[in-house]
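This is what each chain is made of:
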Amino acid sequence: MRAAVYKGKQHLEVEEVPTPTPGPGQVLVRVKCCGVCGSDVHRFQHGMFWPDLIPGHEFCGVIAELGADVEGWTLGDRVIGGGGSPPPGMPTGGHRAPRYTSRSNRSPTMSPGAYAEYIAMDAWRPLPVPDGISDELAALTEPCAVALHMVRLSRMRLGDTAVILGAGPIGLFALQLVRAAGAGRVFVTEPAPARRRAAEELGADRVLDPTELDVVSELVAETGGIGPDVVFDCGGAQRTLHDALEMVRREGQVMVVALAWDEGYILPVEWVGREVELKTSYGSTPGEWGICLDLMQRGLVRSEPLITPESMVPLDGIQRAFEGLMSPDQQVQVLIVP
Ligand SMILES: [Zn+2]
């Protein structure tokens, strides 16, 4: 089969590799599309994957072969590559070391991954995709669950004013999820024009360009001089955490999901006196994938305008797509089609 293999810092190569055979208790999935995750782009950019690894963990496909002793799946079933619950007594592998950091963890969520024509995995791992959800949207259940986990961990309550910093895939899912969770007004900040347009189409009350405006004073003014109740940092740019802490209201909450790889800048004297809360969110739980599929099926989470025809990139275009995503301009969400 053909697969994109990581060769070294900022270098992926499409190669012929052996097609995996599903072992006992495993299924072989033919990959239909695999979303490019921001964390994949960071690891590509900073040289943090293992050499010869096939990355990719946000995918939708069909069951193509069953290993021995597999029950419950039929050839052709449409699945996503995670969200299933392990059988009782089996360690999930989800345990993290006490001093775990995403930076020290060089192995991605799934290895080998799904920038490939086929992937073999334990049969309990995938979830079936309900009718009415496109392959492309289903493939993005994982990033949707990351945003959902953050919203569920937050203290946001019905009617709260929310601000989302950064309208990449996680920010655009967060926008839809805070709406579904009953946010009052929702503001988004984003420098890239295509992503600002996507946030507007998804119903943000106002979308601000942080390269044009002082977003802190604008959003404090928008909230009557008080500041937003909850600010979600989905951007991870040098200024986003600074802006989040400065704009949030007294005793408000800043949620950080973005994994910034560059040192930021904060000035505590500006916000310590308001007794604000700072909390991080990381990953998701298997049950949250199912919640996302349910919200997608009910139309509360949509794929357009995240996914456009230009989002779909053949395997051969993966190197260029990753290079482009290191400084996204026109791209909102890219999916690789093996
Ligand atoms: Zn991801």
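Residues numbered from 1 in each chain as written. Predicted model: local features only at pLDDT ≥ 70, side-chain atom pairs only at ≥ 80, totals over all residues.

So, about the overall build of the protein chain. Helix and strand counts for the protein chain stand at nine helices and 15 strands. Seen along its three principal axes, the alpha-carbon backbone of the protein chain occupies a region of about 65 × 40 × 40 Å. Residues classed as buried in the protein chain amount to 46% of the 338 residues present. Of the contacts made within the protein chain by residues no fewer than 6 positions apart, 74% connect residues no fewer than 24 positions apart. (Helix = DSSP H or I, 4+ residues; strand = E, 2+ residues; numbered from the N terminus. Buried ≥ 20, exposed ≤ 12 C-beta atoms within 10 Å, placed from the backbone. Contact = placed C-beta atoms within 7 Å.)

A word on the packing of helix H6 (residues 215–222) against helix H7 (residues 240–247). Between H6 and H7, whose axes approach to 9 Å, the crossing angle comes to 30°. Between H6 and H7, the interaxial angle falls into the category roughly parallel. Between H6 and H7 lies a crossing whose hand is right-handed. Packed against H6, whose contacting residues are Val215, Val216, Leu219 and Val220, the element H7 presents Asp243, Glu246 and Met247 at the interface. Here the contact of H6 with H7 is composed, by residue class, of five nonpolar, no polar and two charged. (Axes fitted to C-alpha atoms, helices over the stretch in contact; angles between N-to-C directions. Parallel < 35°, antiparallel > 145°, perpendicular 65-115°, else oblique. Left-handed = near helix turned anticlockwise from the far one by under 90°. Nonpolar A, V, L, I, M, F, W, Y, C, P; charged D, E, K, R; others polar.)

Glancing now at the pairing of strand E3 (residues 26–35). Most of E3 is tucked away: eight of the ten residues are buried. As judged from the five bridges shared by E3 and strand E6 (residues 118–122), these two strands associate in the antiparallel manner. The partner of Leu28 across the bridge, within E6, is Ala120. In this structure, E3 lies alongside strand E4 (residues 58–66), joined through eight bridges in antiparallel fashion. Across the sheet, the residue bridging to Cys33 is Cys60, located in E4. Inspection of the sheet shows E3 paired to strand E15 (residues 335–337) by two bridges, in the antiparallel sense. Note on E15: the bridge partner recorded for Cys34 is Ile336. (Pairing = 2+ DSSP bridges.)

Attention shifts here to the domain arrangement of the protein chain. According to the domain assignment, the protein chain consists of domain 1 (2–140 + 307–337) and domain 2 (144–280). Of note, the centres of domain 1 and domain 2, computed from C-alpha atoms alone, are 28 Å apart. Contacts between the two partners involve twelve residues from domain 1 and, on the opposite side, ten residues from domain 2. (Domains from an automatic or database assignment.)

One finds Ala147, Ile164, Ala174, Leu175 and Phe232 to be the most contacted residues of the largest nonpolar core, which totals 102 residues. Both domain 1 (2–140 + 307–337) and domain 2 (144–280) contribute no fewer than three residues apiece to this core. When sequence neighbours within four positions are dropped, the list of residues in contact with Ala147 reads Ile170, Phe173, Ala174 and Leu177. (Core = buried A, V, L, I, M, F, W, Y, C linked by C-beta atoms within 7 Å.)

Next up on the list: the pairing of strand E12 (residues 253–256). Burial of E12 is two-sided: the residues Gln253 and Met255 facing one way and the residues Val254 and Val256 facing the other way are all buried. Bridging between strand E11 (residues 230–233) and E12 involves four bridges; their strand directions are parallel. Bridge pairing links Phe232 to Met255 in E12. In the sheet, E12 pairs with strand E13 (residues 277–280) via four bridges, with the strands oriented parallel. In the sheet register, Met255 faces E13, and the bridge partner there is Lys279.

Among the residues of helix H9 (residues 318–325), those classed as buried are Ile318, Phe322 and Leu325. The arc that holds the buried residues of H9, viewed along the axis, is 65°, so those residues lie on one side. Buried residues in H9 make contact with strand E1 (2–8), strand E2 (11–16), helix H1 (38–45), strand E14 (312–314) and E15. (Arc of directions from axis to C-beta.)

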